[in-house]
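# What the coordinates show
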Amino acid sequence: MTDPKWRARGDWLLSCNCDVFCPCVISLGRSRPTQGHCVTWYAFHLEEGRYGETDLAGRTVVAPAYSPGPLLEGGWTMGLYLDEGTNPDQERALTRVFTGEAGGPIRMWSFLVARHLGVQKAPIHFQKEGRQRTITIPKTLECSIAALPGGEPDEVIRLLNLPYWINREVVVCRTEKGRFRGFGFNWETGGKSAEYGVFNWTGP
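Residue numbers here run from 1 along each chain, matching the order of that chain's written sequence. Residue-level local features of this predicted model are given only where pLDDT is at least 70; pairs of side-chain atoms are given and counted only at 80 or more, and the full residue set underlies all totals for whole chains, interfaces and linings. Side-chain numbers come from the whole structure's heavy atoms, not from hydrogens or water.

### A few points about the overall build of the chain
Within the chain one finds 3 helices and 13 strands. Every radius of gyration here is taken over C-alpha atoms, with the globule rule written as 2.2 Å times N^0.38, N being the number of residues. Its C-alpha radius of gyration of 16 Å places the chain within 12% of the 17 Å reference for a compact globule of 204 residues. Here the C-alpha coordinates of the chain stretch approximately 45 × 35 × 35 Å along the principal axes. Burial status across the chain gives 52% buried among its 204 residues. Whether two residues are in contact is decided by their heavy atoms, any of which lying within 4.5 Å being enough. Excluding contacts between residues fewer than 6 apart, the proportion of contacts in the chain whose partners are at least 24 apart in sequence is 65%. When charges are counted, Lys and Arg are positive and Asp and Glu negative, with His and the chain ends excluded. The location of each charge is read from NZ of Lys, CZ of Arg, CG of Asp or CD of Glu. Across the chain, 23 positive and 22 negative side-chain charges occur, with their mean positions spaced 4 Å apart. To qualify as a helix, a DSSP run of H or I must reach at least 4 residues; to qualify as a strand, a run of E must reach at least 2; elements of each kind are numbered from the N terminus. The buried label applies to any residue whose accessible area, calculated with a 1.4 Å probe on protein chains only, is under 20% of its type's maximum; exposed applies above 50%, and partly exposed to all values in between.

This is the structure we're talking about:
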């Protein structure tokens, strides 16, 4: 399948089971997660987006993922949730993009993920307020993360110029509440590592 030109811009967040901060971000996925394996969910809210003639603005995607070791070694298991307002054309486009099959910065997911658990639609609620980000799916996901204060307490901790495929700037956070039940998984990440930032991708 030949994918058209596409772009996606918006906010993202993740919560995982690492302590303090994810070593994979610094090492570009080569370091072992602090618990030996990784359980996480990525969430992406598209402020703007287009896949060919298909408008993707306003859509939200959640990708729960399990990695048995360093992220770059692959072997991931992953599913996708698309918000319930997604129409069939948007579903096809978002599935291509967020499995990595449509290229762009997220292309690595196409070869890191060994087992795809499918795509489900759900009522996804994303909220951005000050230093806090929240993503919820009723009866499936409860996640609230907050940026950690820096040396100047009015400023957050930002990591800059990272070799990170999502974006080169990340805000360091902690998970205030993190619970996921879906695709056969039952994970809790409260008190663990989290991050948020913006993304601006084009492909293929």
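Structure's up, so let's keep going.
### Brief notes about the packing of aromatic side chains
When two rings of Phe, Tyr or Trp (its six-membered ring) have centres within 6.5 Å they constitute a pair, described as stacked for plane angles under 30 degrees, edge-to-face for angles over 60, and tilted for the intermediate range. Under the definition given, this model contains 18 aromatic pairs. Judged by centre distance (5.1 Å) and plane angle (65°), the rings of tyrosine 42 and tryptophan 109 are edge-to-face. Of this pair, tyrosine 42 sits in strand β2 (residues 38–51) while tryptophan 109 is found in helix α3 (residues 109–112), placing the two residues 67 residues apart along the sequence. Overall, tyrosine 42 belongs to the buried group, its relative accessible area being 4%. According to the relative accessible area criterion, tryptophan 109 is buried, its value standing at 0%. By the criterion adopted, a ring carries a charge over it if an Arg CZ or a Lys NZ lies within 6 Å of its centre and within 35 degrees of its normal. Above the face of the tyrosine 196 ring, arginine 133 is positioned so that its terminal group lies 3.8 Å from the ring centre.

### Comments concerning the pattern of salt bridges
A carboxyl oxygen of Asp or Glu within 4 Å of a side-chain nitrogen of Lys or Arg is what we treat as a salt bridge. Counted by the stated rule, this structure contains 11 salt bridges. Aspartate 3 is the partner of arginine 96 in a salt bridge, and the nearest nitrogen-oxygen pair spans 2.7 Å. One end of the pair, arginine 96, is in helix α2 (residues 88–98); the other, aspartate 3, is in the segment before β1 (6–16), and 93 residues separate them in sequence. Using a relative accessible area of 11% as the deciding quantity, one classes aspartate 3 as buried. The residue aspartate 11 makes a salt bridge to lysine 128 at a minimum N-O spacing of 3.1 Å. In this pair, aspartate 11 is assigned in strand β1 and lysine 128 in strand β7 (residues 125–129), connecting sequence segments 117 residues apart. Exposure remark for aspartate 11: the relative accessible area of 6% places this residue in the buried category. Given the relative accessible area of 47%, lysine 128 is considered partly exposed. By sharing partners, the salt bridges in this structure join Arg7, Arg9 and Glu48 into a single network.

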